[in-house]
Every structure is written in structure tokens, then in C-alpha cells.
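Summary of the model geometry
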Amino acid sequence: MLGKTANGLFWMYRYLERAENTARLIETGQRIALTRLNDRDEEWGPVLQSAGTLAAFRAQDEDLNKETAIDWMLRARGNPSSVLSCIEAARQNARLVRAAVTGEVWEAVNAAYMDARDLLARRVRERDLPQVLRAIRQSTSLVRGMTHGTMLRNEIYDFARLGTFLERADNTARIVDVKYYVLLPSAGSVGTSIDNVQWETILRSLSAHGGFRMEYGAGAGPLEITQFLILDKRMPRSLAFCVDKLCDNLRYLHKGDRALMPSLKQVNHLQAMYLSHDVNAIFDFGLHEFIGQILDHLGQVARQIEIDYRFYE
């Protein structure tokens, strides 16, 4: 496999996952804003900050409110991380690696692009937003399903999975961080009904509500939710699950090499350093600080993977 093919697969699946995750982040901000009694527009600055696009939005010299923030995250051409921009970029990468993916995968990516183009041709009205976000999640899920159902388990699949789980781990970390340290009204709200509703929103935004209730029932609180979203390897969007899958796919790519590639070393370090403790140790250290270090380390892993496999053959 040529390096450009590996890179195209890696970024195709990163962009698809980012599009879905941005839709989830919008939904999270929208639902949490509904729990506030004051100005709901104030919530969207932190949401943009979490998405990593606040500075770029400010450069557009637009007033920050719910409508402009959602439009920026959904369809702005000037935002390379908007849902529409990500799906377009995923389709471009899919065209570059067309011979490396099955026909079913290509058709699903192409359909996701056409659906997004139609849905986001104009500013989305608030009453239509839940339906649009649901359609985006469904179209990206279809690509994922076609990938699982039709692709050979070879190096092509491994690069696709690396892109998916790097982006997914990053998103889970950002959503947890947004909730606990940015969107919470004050320290006095911890443990109140507002706090509980917001944690419930986080679970739903990560498709974790049903699994969490099966495991913990209705009486669990923030400690159990944090355990579930960060350390539980059974939960498909937890940090531990995503990092474990990164390890697996890098090991498959590494087979036959005597020396460990730097990217695999970094992921092993991430597991040992951050994901081998219990949840009480995380809270003692500081959840916000913990998430910040996780995000920094994931960025380093992403850069190292591109370096390690730039000339993959």
C-alpha cells in the first residue's frame, strides 16, 4: 500500500467521525442550554471552544449567538471542521482511495455527501435541527456499517479504524470536558437536579444512555458516569475502548517488525499512564486537567501515526 493511500484512508474516516461528532456536540450544547434559565446564547462560546473553532469564528466578525454558532458548526465553508466541510473532505479522500474500498463503502460515502449537501443547502431552522442532526448521524453510521460488513480485515481496514478511533476518543474527551468544566453554571450546581440533567444529556449525546442504565440502574451519579465514559472498555465511545482499539490496529500493522513503531509506543504509554487508574484517582488529579493531558497526547499520537506510515508499503 502506498503512503498516500494509507493517508487517504486515515483522513477519510477521521473526517466522517468528526462530522458525526460535531453533530453530537451541537446536540449536546442545544440540550444543555435548555437547562439554563438565563441567556442561552452564552453557552455557545464554550461549545465552539470545545470544538476547537472559536478563534476562527471570532475572526469572521459575527455576533456569537445560538443561530450563528450552529450555522458555523453545521455548514460554514470557512470552517474546515463544519459538518458539511468534513463530509466533503471525506468524499474527496474516498475518491482518492476508491480502489482500496468496496463499492458499498463508496456508495455510502457518496450518499452521505449528497444528503448533507441537500440538508445543509440553507440555514437550518431550530425546529428542523433534531431531524437534520439525526440524518447526519445515520448517514455516517451507514458508512461505518458498510465498512464493517464488506471490507477485508487487512491494512486498509486498520488505517480506517485508526482514523475512526483517534477522532472518537478526542470527541468523547471534549464532550466530557465541556460538560463538567465549561457548561456547568457553578460549583454549587454539582449534585443538583441541573447537574444530573446535564450528565444525562452527555450520556445521550454519546449513545451511552441505554448501556449505562443497564449497568448502573437509575440511581448512579457523576462518578459512575465518568467511570463509564472514560475507563469502561465495554462502552464503544469510552476513552479506554477507543485507545484499546488504536493499540490493536497498530499491532496488526506492526506485525513482523522487530522494533516498536513510535506511534505504538505512544499509545502504550497513554494506556499505562492515564487509563490504568480508577475513577477516584482521576477526580483527585482533576478531571479537567486529566482530559487536557489526554487531548494533548492524542494529538501527538495522530501526528506520529502520519510520520510512521507516510511511506508505508
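Residues numbered from 1 in each chain as written. Predicted model: local features only at pLDDT ≥ 70, side-chain atom pairs only at ≥ 80, totals over all residues. Heavy atoms only, no water.

**What to know about the overall build of the protein chain**
Across its full length, the protein chain holds 15 helices and 0 strands. Across the 313 residues in the protein chain, those meeting the buried criterion constitute 55%. Accessible surface for the protein chain amounts to roughly 14400 Å². Of this, 49% is attributable to carbon and sulfur atoms. (Helix = DSSP H or I, 4+ residues; strand = E, 2+ residues; numbered from the N terminus. Buried < 20%, exposed > 50% of the residue type's maximum accessible area, 1.4 Å probe, protein only. Areas by Shrake-Rupley, 256 points an atom, 1.4 Å probe, with all protein chains shown as cover.)

**With respect to the confidence of the model for the protein chain**
Confidence in the prediction of the protein chain, expressed as mean pLDDT, is 88, and 89% of residues score 70 or more. Contacts from residues 185-190, a stretch scored under 50 in pLDDT, to residues over four places away or in other chains number 8 contacts. (pLDDT = per-residue confidence, 0-100. Contact = heavy atoms within 4.5 Å.)

**Focus on the nonpolar core**
Counting 96 residues, the largest nonpolar core has Leu 74, Leu 229, Ile 230, Leu 275 and Ile 294 as the members making the most contacts within it. The element contributing the most residues to this core is helix α1 (residues 3-33), with 13 residues. Filtering out sequence-adjacent residues up to four positions away, Leu 275 remains in contact with Ile 230, Leu 231, Leu 239, Ala 240, Val 243, Leu 270, Phe 290 and Ile 294. (Core = buried A, V, L, I, M, F, W, Y, C linked by side-chain atoms within 4.5 Å.)

**With respect to the packing of aromatic side chains**
Evaluation of the coordinates by the stated rule reveals 9 aromatic pairs. Ring geometry for Phe 165 versus Phe 241: centroids 6.0 Å apart, planes at 55°, classification tilted. Of the two residues, Phe 165 sits in helix α8 (residues 155-183) while Phe 241 sits in helix α12 (residues 239-254), which places them 76 residues apart along the sequence. A single burial state applies to Phe 165 and to Phe 241, both of which are buried. Each member of the aromatic cluster is reached from another via a ring pair, and the members are Phe 10, Trp 11 and Tyr 15. Residue placement shows Arg 153 over the ring face of Tyr 157; its charged tip is 4.2 Å from the ring centre. (Phe/Tyr/Trp six-rings, centres within 6.5 Å; stacked < 30°, edge-to-face > 60°. Lys NZ or Arg CZ within 6 Å of the ring centre and 35° of its normal.)

**Focus: the pattern of salt bridges**
Scanning the model with the defined rule gives 19 salt bridges in all. A salt bridge links Arg 123 to Asp 71, with the shortest nitrogen-to-oxygen separation between them at 3.6 Å. In this pair, Arg 123 is assigned in the loop between α6 (103-119) and α7 (129-150) and Asp 71 in helix α4 (residues 66-75), connecting sequence segments 52 residues apart. Arg 123 gets classed as partly exposed once you look at its relative accessible area, which sits at 45%. Within the structure, one salt-bridge network assembled from shared partners comprises Glu 17, Glu 20, Arg 24, Arg 144, Arg 168 and Arg 237. (Salt bridge = Lys/Arg side-chain N within 4 Å of Asp/Glu carboxyl O.)

**So, the packing of α1 against helix α5 (residues 83-96)**
It is the contact of α1 with α5, at a shortest axis distance of 8 Å, that shows an interaxial angle of 160°. When the interaxial angle is binned, α1 and α5 end up roughly antiparallel. As for the relative orientation of α1 and α5, their crossing is left-handed in sense. Contacts from Gly 8, Trp 11, Met 12, Tyr 15, Leu 16, Arg 18, Ala 19, Thr 22 and Ala 23 in α1 reach Val 83, Cys 86, Ile 87, Ala 89, Ala 90, Asn 93 and Ala 94 in α5. Considered class by class, the residues forming the contact of α1 with α5 number 12 nonpolar, 3 polar and 1 charged. (Axes fitted to C-alpha atoms, helices over the stretch in contact; angles between N-to-C directions. Parallel < 35°, antiparallel > 145°, perpendicular 65-115°, else oblique. Left-handed = near helix turned anticlockwise from the far one by under 90°. Nonpolar A, V, L, I, M, F, W, Y, C, P; charged D, E, K, R; others polar.)

**Quick notes on α12**
Along its 16 residues, α12 runs 22 Å from first to last C-alpha, staying within 8% of the 22 Å computed at 1.5 Å per residue. Those residues of α12 lying buried are Leu 239, Ala 240, Phe 241, Cys 242, Val 243, Leu 246, Cys 247, Asn 249, Leu 250, Leu 253 and His 254. (Expected span 1.5 Å × (residues − 1).)

**Considerations on the side chain of Asp 158**
Position of Asp 158 relative to the elements: it lies in helix α8. One buried charged side chain, Asp 158, makes no salt bridge at all; its nearest oppositely charged neighbour is Arg 161, positioned 7.0 Å away. For Asp 158, the side chain forms a polar contact with the side chain of Asn 249, separated by 2.8 Å. Those residues in contact with Asp 158 that lie beyond four places of it in its chain are Asn 249, Tyr 252 and Leu 253. (Lys, Arg positive; Asp, Glu negative; His and termini not counted. Polar contact = N/O pair within 3.5 Å; in protein donor to acceptor, adjacent residues only side chain to side chain.)

**Thoughts on the environment of Glu 20**
Looking at the element boundaries, Glu 20 is found in helix α1. In contact with Glu 20, not counting residues within four places along its chain, are Arg 137, Thr 140, Ser 141, Arg 144 and Arg 237. Polar side-chain contacts of Glu 20 include one of 3.0 Å to the side chain of Arg 144.

**Focus: the environment of Ala 240**
Mapped onto the secondary structure, Ala 240 falls in helix α12. Sequence-wise, Ala 240 and Ser 276 are 36 residues apart; in three dimensions their C-alpha atoms are separated by 8.9 Å. The contacts of Ala 240, once residues within four sequence positions are left out, are Ile 230, Leu 231, Asp 232, Lys 233 and Leu 275.

**A closer look at the packing of α1 against helix α15 (residues 287-308)**
Running from N to C, α1 and α15 point in directions that differ by 155°, and their axes come no closer than 10 Å. Of the possible angle classes, the one that applies to α1 and α15 is roughly antiparallel. Handedness of the crossing formed by α1 with α15: left-handed. Between α1 and α15, the contacting residues are Asn 7, Phe 10, Trp 11 and Arg 14 on the first element and Ala 302, Ile 305 and Glu 306 on the second. By residue class, the composition of the contact of α1 with α15 is 4 nonpolar, 1 polar and 2 charged.

**Comments concerning the side chain of Thr 5**
If you trace the backbone, Thr 5 turns up in helix α1. Those residues in contact with Thr 5, other than ones at most four positions away along the chain, are Val 97 and Ala 100.

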